[in-house]
Amino acid sequence: MNSQDNVEIIPFSSDLKEHIKTLNKEWLQKYFKVEEKDELTLSNPQEEIIDKGGMIFYARYDNEIIGTFSLIKVDEDTFELAKMAVSDKAQGLGIGNKMLVFCLNLAEKNNIKKILLYSNKKLLPALHLYEKFGFVEVPLDAGLYERADIKMEKILL
């Protein structure tokens, strides 16, 4: 892989359903564990994300899905950036950067006013990426994910 310019962001379709599960389980098992809530959402992305007003996208390079992210609807103005994952073999190539640019442009077009996310402080490259895009730490609500020890949000104008 030579350039993120050759990566396209495409929307969810049922034939790509397994990729959200595969990509997310890859990093969850590497750093944490797959929680019950993860298993439910990743096994049923249509029902748990799309049908509830959310969106799922994939990063495709050379006809291969190498990344994914979701915007899960919290309310009319707020979405959670979730289930963001990039394949190990595509790490460090700017795929997360490209997905976040797409995400923020999409949020602006859809009049989303706030994007929030939950992460873990040991995922330093991810936290640096979020900070680069203007996400700031806010108080964490307990109990959403066992692994989450930081909550961040970005207010969009």
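First, a word on scope: everything that follows refers to the structure included in this document. (Residues numbered from 1 in each chain as written. Predicted model: local features only at pLDDT ≥ 70, side-chain atom pairs only at ≥ 80, totals over all residues. Heavy atoms only, no water.)

1. Some details on the environment of Glu131
Consideration 1: Looking at the element boundaries, Glu131 is found in helix 5 (residues 124-132).
Consideration 2: The class of Glu131 is partly exposed, set by a relative accessible area of 47%.
Consideration 3: Glu131 sits 120 residues away from Pro11 along the chain, and the two C-alpha atoms are 25 Å apart. (Helix = DSSP H or I, 4+ residues; strand = E, 2+ residues; numbered from the N terminus. Buried < 20%, exposed > 50% of the residue type's maximum accessible area, 1.4 Å probe, protein only.)

2. Re helix 1 (residues 17-31)
Consideration 1: Taken residue by residue, helix 1 has Ile20, Lys21, Leu23, Asn24 and Leu28 as its buried positions.
Consideration 2: Looking at the buried residues of helix 1, the elements they touch are helix 2 (36-43), helix 3 (45-48), strand 2 (55-61), strand 3 (64-73) and strand 4 (78-86). (Contact = heavy atoms within 4.5 Å.)

3. Examining the sheet that holds strand 2
Consideration 1: Strand order in the open sheet made by the seven strands is 1-2-3-4-5-7-6, with mixed pairing throughout. Both edges of this open sheet fall to strand 1 (7-11) and strand 6 (136-138), since each of them pairs with a single strand only. In this sheet, neighbouring strand axes are inclined to one another by 30 degrees on average, regardless of whether the strands run parallel or antiparallel.
Consideration 2: Bridge analysis of strand 2 against strand 3 gives seven bridges, and the strand direction is antiparallel. Looking at strand 3, one finds that Ile56 is bridged to Ser70. (Pairing = 2+ DSSP bridges. Axes fitted to C-alpha atoms, helices over the stretch in contact; angles between N-to-C directions.)

4. Points about the packing of aromatic side chains
Consideration 1: Throughout the structure, instances matching the rule amount to six aromatic pairs.
Consideration 2: Judged by centre distance (6.3 Å) and plane angle (65 degrees), the ring pair of Phe69 and Phe102 falls under edge-to-face. Residue Phe69 is found in strand 3, and its partner Phe102 is found in helix 4 (residues 95-109); the two are separated by 33 residues along the sequence.
Consideration 3: Judged by relative accessible area, which is 27%, Phe102 ranks as partly exposed.
Consideration 4: Each ring, one from Tyr130 and one from Phe135, has its centre 6.0 Å from the other, and the planes form 65 degrees; the classification is edge-to-face. Note on accessibility: Tyr130 and Phe135 belong to one class, buried.
Consideration 5: Grouped by ring-pair contacts, the aromatic residues Phe57, Phe69 and Phe102 constitute a single cluster. (Phe/Tyr/Trp six-rings, centres within 6.5 Å; stacked < 30°, edge-to-face > 60°.)

5. Some details on the packing of helix 1 against helix 2
The relative placement of two packed helices comes down to the angle between their axes together with the axis-to-axis distance.
Consideration 1: At a minimum axis separation of 8 Å, helix 1 and helix 2 run at an interaxial angle of 155 degrees. Comparing their axes, helix 2 and helix 1 come out roughly antiparallel. Touching Lys17, Ile20, Lys21, Asn24, Lys25 and Leu28 of helix 1 are Asp38, Glu39, Leu42 and Ser43, all from helix 2. (Parallel < 35°, antiparallel > 145°, perpendicular 65-115°, else oblique.)

6. Describing the environment of Phe135
Consideration 1: Among the structural elements, Phe135 can be located in the loop between helix 5 and strand 6.
Consideration 2: Overall, the relative accessible area of 2% leaves Phe135 in the buried class.
Consideration 3: Considered as a pair, Phe135 and Asn120 are 15 residues apart in the sequence and their alpha carbons are 14 Å apart.

These figures come from the coordinates and say nothing about function on their own.
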